[in-house]
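# A look at the structure
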Amino acid sequence: MQIDRRAFLAQGFATSVLLGFPGLLHAQMTLGQMTLDVVSDGHLVLPGSFAFNDMPKDELMPILERMNQPFDQLTPPCNLSLLRGNGRVVLFDAGSGTEFMPTAGKSLAALEALGVSPDDITDLIFTHGHPDHLWGVLDDFGDPLFTNATHYMGQAEWDYWTDPNTVSTIGNARQAFAVGAERRLQVIAEQTTFFSDAEEILPGVGARITPGHTPGHMSFEVRDGNSAVMIVGDSIGNDHIALARPDWLSPADQDPILGAQTRVGLINDLVAAQMPIVGFHLGQGGLGRIEKTDDGFSFRTEV
Ligand SMILES: [Zn+2]
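Read on for an overview of the structure. Fair warning: this is a prediction, and the values are worked out from it, not measured in the lab.

### Considering empty space enclosed by the protein
For the structure shown, the criterion picks out two cavities of 30 Å³ or more. Volume-wise, the second largest cavity comes out at about 40 Å³. Considering the residues around the second largest cavity, the lining is formed by Asn79, Ser81, Phe92, Asp93, Thr127, Ile231, Gly233, Val278, Gly279 and Phe280. Elements supplying a minimum of two residues to the lining of the second largest cavity: strand 7 (77-85), strand 15 (227-233) and strand 16 (277-279).

Structural data, given as structure tokens:
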């Protein structure tokens, strides 16, 4: 096994290490007494229209070419965050499970490589209810997989996906998401607790509502003293166009106008605070920092 190790110190924040496991790009960050590992759940395969429809092509194409991002197809990685310390093993998002896409739902092997089994998870916190974040919550028999974990979902997000009207109002493209979410949320209802914007869910884990991608999408600021990282889920949905032109409306967002407002506000705050992030679909392990460029923003893995 070849291990490619790059260690770097952030100014007063944390130490980060990027380790190249075979087939699994893995990023790690230390926050005081806690360790955050980014765990791969594999990747998705999506048509380019999912992210690029209705964008001005004359401006879009040069940006994509510069970033080696094809126009026709997206293969976004899926990055779960695992936070360990202070007696807790906290997982952010459950991944896809085995029923969504054959290229995704790989996180159990990645967790096992870190010596973590589903029974070890004490807390499971969702950014939102989409398949690649939620469907891994059940095992192959349809029972809860993380048997010892308290599950947490934002109240607005829970209310949206459990509303019986959602399946008929969400539109054809996302109807399967609504059916899939409702079925799974029913199974985990008893072990789920709910939270709102600005609430401290666990010691050092605060919620920030980042709506638009879904109605109640949440991001999480994990902090220990001066060390902090923002787990942004899909509020910054990729490391190409969402950063180069964060104000462009994204068809990946259920409410594109609100999604763009959220993205611009969040990016400005993150850059001002110099705060590292984990993006669920960002490349190279998903852990890095956003930087201002001449005409937009870019993602750098060195935090
Ligand atoms: Zn996603």
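There is more to say, and it comes next.
### Topic: the sheet that holds strand 18 (residues 297-300)
The seven strands are arranged 12-13-14-15-16-17-18 in an open sheet whose pairing can be described as mixed. Looking at strand neighbours, the two that pair on one side only are strand 12 (200-202) and strand 18, the edges of this open sheet. Neighbour-to-neighbour, the strand axes of the sheet open up by a mean angle of 35 degrees, direction not taken into account. One ladder, built from five bridges, connects strand 13 (residues 205-209) with strand 14 (residues 218-224); its direction is antiparallel. The residue bridging Gly206 from the neighbouring strand is Glu221, located in strand 14. Strands strand 13, strand 14, strand 15, strand 16, strand 17 (287-292) and strand 18 of the sheet are contacted by helix 9 (residues 256-273), whose axis makes an angle of about 165 degrees with strand 15.

### Notes on the coordination of the zinc ion
Distances from the zinc ion to its protein donors, Asp132 (OD), His133 (NE2), Asp234 (OD) and His281 (NE2), fall at 2.1 to 2.2 Å. Of note, the donors binding the zinc ion are all from one chain and are spaced D-H-x100-D-x46-H. Taken as a pair, His133 in helix 4 (residues 131-134) and His281 in the loop between strand 16 and strand 17 lie far apart in primary sequence, 148 residues in all. You can call His281 buried: its relative accessible area is 9%.

So, how was this worked out
Residues numbered from 1 in each chain as written. Predicted model: local features only at pLDDT ≥ 70, side-chain atom pairs only at ≥ 80, totals over all residues. Heavy atoms only, no water. 1 Å grid on protein atoms, 1.4 Å probe; cavity = no way out; pocket = protein on both sides within 12 Å on 5 of 7 lines; lining within 4 Å. Points joined across faces, edges and corners; volume = space filled by probe spheres on them. Helix = DSSP H or I, 4+ residues; strand = E, 2+ residues; numbered from the N terminus. Pairing = 2+ DSSP bridges. Axes fitted to C-alpha atoms, helices over the stretch in contact; angles between N-to-C directions. Contact = heavy atoms within 4.5 Å. Donors = N, O, S within 2.8 Å, 3.2 Å for Na, K, Ca; no water. Buried < 20%, exposed > 50% of the residue type's maximum accessible area, 1.4 Å probe, protein only.

Don't take any of this as a statement about function, it's just geometry.
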